[in-house]
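What follows is each chain in one-letter form.
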Amino acid sequence: MEILAQPVTSLSGIGPQSVIRLNKLGIYTIQDLLFHLPLRYEDRTKIYPINTLASGMTVLTSGTVEFSNVQMKGRRSLLCRISDHTGFLTLKFFHFSAKQQSNLSPGTLISCFGEVRHGYQGLEIVHPEYKIISSTDSITETRLTPIYPLTEGLRQSTLRKAITQSILLCLKDNQHLTDWLPQPILDKFNFPSLNNALLSIHAPEEHISAEHLQQGNLPSLKRLAFEELLAHHLTLLKNKKTVKKWQAPIFKANQSITSKFTSTLPFLLTSAQKRVIDEIITDCTSNHPMLRLVQGDVGSGKTVVAAYAALLSISTDYQVAIMAPTELLAEQHLRNFRQWFENNEINIVYLTGQLKGKARKETVESINNGLANIIIGTHALFQDSVTFKKLGLIIIDEQHRFGVHQRLALREKGQLDNYRPHQLIMTATPIPRTLAMLQYSDLDISIIDELPPGRKPVTTSVIPSNRREEVISKINQWTKKNHQTYWVCTLIEESDVLQCEAAEKTFEHLTHSLPNVRTALVHGRMKSLEKEVVMQGFKNHEYDLLVATTVIEVGVDVPNASLMIIENAERLGLSQLHQLRGRVGRGDQESYCLLMYQHPLSNTGRQRLGILRESNDGFIIAEKDLELRGPGDVMGTRQTGLMQLKIANLNRDTDLLDHIQDSAEVICSQYPNIIQPIIDRWLGHTTHYSEV
Ligand code: ADP
Ligand code: MG
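Residues numbered from 1 in each chain as written. Chains lettered and ligands numbered in written order. Predicted model: local features only at pLDDT ≥ 70, side-chain atom pairs only at ≥ 80, totals over all residues. Heavy atoms only, no water.

Visitor: Please clarify how the domain arrangement of the chain should be interpreted in this entry.
Guide: Interfaces are often sized by the amount of accessible area the parts lose when they come together. Segmenting the chain into domains produces domain 1 (3–41 + 146–215), domain 2 (46–140), domain 3 (229–245 + 654–683), domain 4 (255–448) and domain 5 (459–615). Centre-to-centre separation of domain 1 and domain 2, based on C-alpha positions: 33 Å. (Domains from an automatic or database assignment.)

Visitor: Can you help me understand the sheet that holds strand β15 (residues 444–448) in this one?
Guide: Pairing between sheet strands relies on hydrogen bonds along the backbone, with the strands arranged either parallel or antiparallel. The strand order across the open sheet built from seven strands is β11-β12-β10-β13-β14-β9-β15, with neighbouring strands paired in parallel fashion. Taken across any chain shown, the strands that pair with only one partner, and hence form the sheet edges, are β11 (348–351) and β15. Taking the axes of each pair of neighbouring strands and ignoring which way they run, one obtains an average angle of 20° across the sheet. Of the strand pairs in this sheet, strand β10 (residues 319–323) and strand β13 (residues 391–396) are connected by five bridges, and their pairing is parallel. The partner of glutamine 319 across the bridge, within β13, is leucine 391. Where helix α11 (residues 302–315) meets the sheet, it contacts β9 (291–296), β10, β12 (374–377), β13, β14 (422–427) and β15, and its direction lies at approximately 170° from that of β13. Relative to the sheet, helix α12 (residues 327–341) contacts β10, β11 and β12, its axis offset from that of β11 by approximately 175°. (Pairing = 2+ DSSP bridges. Helix = DSSP H or I, 4+ residues; strand = E, 2+ residues; numbered from the N terminus. Axes fitted to C-alpha atoms, helices over the stretch in contact; angles between N-to-C directions. Contact = heavy atoms within 4.5 Å.)

Visitor: I keep staring at the side chain of aspartate 43 and nothing clicks. Help me out?
Guide: Along the chain, aspartate 43 falls in the loop between β1 (40–42) and β2 (58–71). Buried and unpaired, aspartate 43 has no salt bridge, with lysine 46 as the nearest side chain of opposite charge at 4.4 Å. At 2.5 Å, the side chain of aspartate 43 forms a polar contact with the side chain of threonine 45. Excluding its chain neighbours within four sequence positions, the residues that come into contact with aspartate 43 are Tyr48, Leu60, Phe113 and Leu144. (Buried < 20%, exposed > 50% of the residue type's maximum accessible area, 1.4 Å probe, protein only. Lys, Arg positive; Asp, Glu negative; His and termini not counted. Salt bridge = Lys/Arg side-chain N within 4 Å of Asp/Glu carboxyl O. Polar contact = N/O pair within 3.5 Å; in protein donor to acceptor, adjacent residues only side chain to side chain.)

Visitor: Before we go on, may I ask you to explain the environment of alanine 324 in this structure?
Guide: Its place among the elements puts alanine 324 in the loop between β10 and α12. Residue alanine 324 is classed as buried on the basis of its relative accessible area of 1%. Taking the C-alpha atoms as reference points, alanine 324 and alanine 380, 56 residues apart in sequence, are found 9.9 Å from one another.

Visitor: Whenever I open this one, the site of ligand 1 confuses me. Can you help?
Guide: Around ligand 1 sit 16 residues, and of these Leu268, Gly299, Lys302, Thr303 and Asp557 come closest. One of the backbone nitrogen or oxygen atoms of leucine 268 is found 2.7 Å away from a nitrogen atom of ligand 1. Within the backbone of serine 300, one N or O atom sits 3.4 Å away from an oxygen atom of ligand 1. Computed on the free molecule, ligand 1 has an accessible area of 560 Å², of which 85% lies beneath the protein chains in the complex. For the shell around ligand 1, the per-class residue count stands at five nonpolar, six polar and five charged. (Near = heavy atom within 4 Å. Areas by Shrake-Rupley, 256 points an atom, 1.4 Å probe, with all protein chains shown as cover. Nonpolar A, V, L, I, M, F, W, Y, C, P; charged D, E, K, R; others polar.)

Visitor: Teacher, can you tell me more about the sheet that holds strand β20 (residues 561–566) here?
Guide: Spatial ordering of the open sheet is given by β16-β21-β20-β17-β19-β18, a layout of six strands whose pairing is parallel. Sheet topology places β16 (459–464) and β18 (519–522) at the edges, where each strand pairs with a single neighbour. Adjacent strand axes in the sheet meet at a mean angle of 20° when their direction is disregarded. One ladder, built from four bridges, connects β20 with strand β21 (residues 592–597); its direction is parallel. Residue pairing across strands places isoleucine 566 opposite leucine 595, the latter belonging to β21. Sitting on the sheet, helix α16 (residues 468–480) touches β16, β17 (484–488), β19 (545–548), β20 and β21, and the angle it makes with β17 is about 155°. Contacts between helix α19 (residues 574–581) and the sheet are confined to β16, β17, β20 and β21, with β20 contributing the most and set at about 150° to the helix.

Visitor: Sorry, what's going on with the packing of aromatic side chains here?
Guide: Each aromatic ring pair is characterised by the separation of its centres together with the angle its planes make. Counted by the stated rule, this structure contains 13 aromatic pairs. Relative to phenylalanine 191, the ring of phenylalanine 189 lies with its centre 5.4 Å away and its plane at 35°, an arrangement referred to as tilted. Residue phenylalanine 189 is classed as buried on the basis of its relative accessible area of 19%. Using a relative accessible area of 12% as the deciding quantity, one classes phenylalanine 191 as buried. Taken together through their ring pairs, the aromatic side chains of Phe261, Tyr308, Phe337, Trp340 and Phe341 make up a single cluster. Above the plane of the ring of phenylalanine 113 lies arginine 44, whose end atom (NZ or CZ) is 3.9 Å from the centre. When the ring centre of tyrosine 318 is taken as reference, the NZ or CZ atom of lysine 390 above it lies at 4.5 Å. (Phe/Tyr/Trp six-rings, centres within 6.5 Å; stacked < 30°, edge-to-face > 60°. Lys NZ or Arg CZ within 6 Å of the ring centre and 35° of its normal.)

Visitor: Would you mind going over unusual backbone geometry with me for this structure?
Guide: Comment: phi is negative for the bulk of residues other than glycine, and the bulk of peptide bonds are trans. Histidine 599 connects to proline 600 through a cis peptide bond whose omega is -10°. At aspartate 317, a position not held by glycine, the phi torsion is positive, near 75°. Positionally, aspartate 317 belongs in the loop between α11 and β10. On the accessibility criterion, aspartate 317 (59% relative accessible area) is exposed. Positive phi values are uncommon outside glycine, yet histidine 541 reaches one of about 60°.

Visitor: It is not clear to me how α16 should be interpreted in this structure. Could you clarify?
Guide: Three or four residues apart is the spacing at which side chains of an α-helix point the same way, because the helix has 3.6 residues per turn. The end-to-end C-alpha distance of α16 is 19 Å, a good match for the 18 Å that 13 residues give at a rise of 1.5 Å each. Of all the positions in α16, only Val471, Ile472, Ile475, Trp478 and Thr479 are classed as buried. What you see down the axis of α16 is that its buried residues fit within an arc of 110°, all on one side. Among the residues trailing α16, asparagine 482 stands out with phi positive, at a value near 75°. (Expected span 1.5 Å × (residues − 1). Arc of directions from axis to C-beta.)

Laid out in structure tokens, this is it:
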């Protein structure tokens, strides 16, 4: 067998336990080991004299033990002071054995490695790695030490030994690894060969410093990052091509049905909406599946566009599935669709994880036997137990809440023979072009770049939280004018429970301080019926003030609500704030958004909130956010579905994105045979979604 394809068990030191752990990291073969790249490096190439240490450095140093004591104050610990001729340093152990204690007796020469920080008695290292040595002569390494991503139970040393063996077997003689990148591309960017790039990433050359490597300008690193991002991009391009291999139902654009629909709407479609609808019609009346992303700012009216698409499907006798990220949003869609389609004989059903027992069984049955025409719900729609009779269209709302994996995994849903449903994806989060390339390049994109007429921009102010009482009295005035208000509670914790508790407290406080204001509470842990009742009540103006968690971030639509207060605004992402703010400014009166922050506000914090004060345009906000935070952070944890990167770093490697797009085009047209090998090499075991 080719050596690269050999299983990791062929290496020494890899037993059955290690194999299981390596598999968890996606490592099965020797080639996988070579492509398991260091997270960072440790520098054990020189001994730092103690007086050159500073807090934050992770270094190798050495000294003679002066004393070591067990300290009982606070948490029991072993304190050991060492000194060289330049100064002293404290080593601190919270877990230690008697043997360890006696080993560190005065006069012993040791070397130690760890992160230096400020302690009570000057600089200290907590739990350093240390060794008793006889001299400092041969304790340094010649190269930086790579630190690899691990999984529970797997030791750094085990992994390192396995990788070192793989390097010796495959890289040293430079003849096992095929370099798939075409020579012209290597030449164009002056990239080293794959073999040498991997070699120098696993075992950096001697003159290279950790900082130098971290900066990411090293040609070897650039090359690998390039190839990795290219692999991701190619996966999506391939997906786009594959779509053309599938058949899709050809929807009939029945003029009389669609014009009846538009004429019953309480408004005229904007020209942007019409344009996007035309693009959708063109897609859905062809015999290949549509894969279209509709981007449109908050409030631009994406839902009605989706409804139009749904109508095309239903009038061709195909079912439509609409997936929203939260129940609240799904319910909102349910209300809208019921309202829009109420006169037609269209059966709309609702399916979320909360639906249980008999009701669930009946709903699932109606989906299966085709009695349900429109199925609205959360990701529960795509459980295995749900099968569609004849699914023609999948609509995914607020795509940024779902990862790329989830999206791609949906493709098979509703597949019948060689037919696949059309897909329409909607998002309010504008993705800068360069990032779209890594996330959406398999999709065709439509943009709704116009808000419905009469929308007034929301006036936004930034206010410290010590002016809270003042803000509360504003609510009173607002209520007297017959307008409604949102109060959004946010917390830094991802924990739902804490958020809801905070909302409950705020609700109590506000109810107490505002006796003449009818106040209601809605949060994520309420039953969906309760939420529905509250939201409907707010919409009917039975309440003046709605205290809410970020559950109202998407979709909620109450035109008379024209004041929004957001607590701890500095802790939220700009797009999220923009989404929240989009709940107001939907009616005909002037609308306001007060961003409250905890004092003191950092410099970036001030700049970020300033962006929102200055702009109401989601695209501008996203771009400025990108400048301040870098693409890696903008993608954020919600998008990490795609971005399990081994070496590329979106903040550091932005400069590569353009080149990747160009090179991908060259590869697709001139070297199609290398697409699959590159994808396999980089995403091999993670592309359960990539088709052949
Ligand atoms: P989003 O794009 O944020 O999902 P929605 O679809 O929820 O926006 O629409 C926001 C509001 O605008 C809804 O109340 C909707 O009925 C209304 N709307 C949509 N299109 C138009 C239009 N062309 N003219 C006036 N109002 C519209
Ligand atoms: Mg929406």
